[in-house]
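Chain by chain, the residues:
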Amino acid sequence: MEIIPIFEHRLYAVQWDGNELDALRTLLNQWADPLYLSRFYQEHSRDMPRQWNLVEFVDQVAREHDEIEMLLTGASELETLGLETFFVPLFNEEYQIKPRALRKGRTGFRRSILRVYAIRIDTDCYLISGGAIKLTRTMQEAPHTLLELRKLYRLADYLKDQGVDTQYDFASFLSFKSLE
């Protein structure tokens with residue numbers, strides 16, 4: 001596993017072993033790929049809201065993809081918006097901020113379906129583990145979102161094992177990793 005900076009000191013993404021790209025680039029590429037979306041639609045059509053047809057599904061993904069891409073890869077937008085407004089607690093009943101908190105990022109679209117999953121390192125500092133097209137009420141209801149949940153927990157456990165609780169710890173960890 002490698003940690004790739006998207007915006008130094010603020011946004012990072014994991015590049016999982018065996019992957020050519022970091023988690024954010026992988027997601028953005030998948031969500032822009034018509035063949036990937038067509039296959040996903042065929043596999044998950046039973047979970048589609050309002051019985052969307054393929055065109056409605058692809059249009060929804062395209063709108064959300066564009067907003068997420070602009071937000072997470074456009075430096076000027078990131079400076080004015082802040083990551084705290086994009087990444088919200090993964091579980092709706094979470095009200096306390098704790099070290100290595102699990103987060104989901106989603107657009108402001110009503111009934112948004114794209115999710116970017118991350119660990120909150122500190123205020124305005126996040127590490128993206130992956131993401132998904134979420135069509136079910138909970139992540140446990142679909143194999144692909146359950147996999148993303150497991151990746152989040154795995155990453156949180158890894159950071160805990162490395163002693164990462166704050167942005168300072170994370171910076172020290174990254175410095176040490178670069179010396180290896």
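Computed from a prediction, not measured in an experiment: that's the story for all the values here.

1. Considering the sheet that holds strand E5 (residues 114-122)
- The six strands are arranged E1-E2-E6-E5-E4-E3 in an open sheet whose pairing can be described as mixed. Sheet topology places strand E1 (2-7) and strand E3 (87-89) at the edges, where each strand pairs with a single neighbour. When strand polarity is set aside, the average angle formed by the axes of neighbouring strands in this sheet is 40°.
- The pairing of E1 with strand E2 (residues 11-15) spans five bridges and is antiparallel. Pairing of Pro5 across the sheet is with Tyr12, part of E2.

2. Considerations on the packing of helix H1 (residues 23-31) against helix H3 (residues 54-73)
- The interhelical angle for the contact between H1 and H3, taken along N-to-C directions, is 150°, at an axis separation of 10 Å. By the angle class used here, H1 and H3 are roughly antiparallel. Judged by the sense of rotation from one axis to the other, the crossing of H1 with H3 is left-handed. Between H1 and H3, the contacting residues are Leu24, Arg25, Leu28 and Trp31 on the first element and Val61, His65, Ile68, Glu69, Leu72 and Thr73 on the second.
- Of the residues in the contact of H1 with H3, the class split is six nonpolar, two polar and two charged.

The rules behind each value
- Each chain has its residues counted from 1, following the order in which its sequence is written.
- Under the rules for a predicted model, residues below a pLDDT of 70 receive no local features and side-chain atom pairs below 80 are neither given nor counted, while totals for whole chains, interfaces and linings still include all residues.
- Think of the side-chain values as coming from all heavy atoms in the structure, minus any hydrogens and water.
- DSSP bridges decide pairing: two strands pair if at least two such bridges lie between them.
- Helix numbers and strand numbers start at the N terminus; a helix is a DSSP run of H or I with at least 4 residues, a strand a run of E with at least 2.
- Every angle, taken between N-to-C directions, lies between 0 and 180 degrees, and every axis is a line fitted to C-alpha atoms, over only the stretch in contact when it is a helix.
- The labels follow the angle: roughly parallel below 35 degrees, roughly antiparallel above 145, roughly perpendicular from 65 to 115, and oblique for the rest.
- Helix crossings fall into two classes, left-handed where the near helix is turned counterclockwise from the far one by less than a right angle and right-handed where it is turned clockwise.
- Residue contacts follow a heavy-atom distance rule, with two residues in contact if any of their heavy atoms lie within 4.5 Å.
- Amino acids are sorted into nonpolar (Ala, Val, Leu, Ile, Met, Phe, Trp, Tyr, Cys and Pro), charged (Asp, Glu, Lys and Arg) and polar (every other residue, Gly among them).

Purely geometric stuff here, so don't read any function into it on its own.
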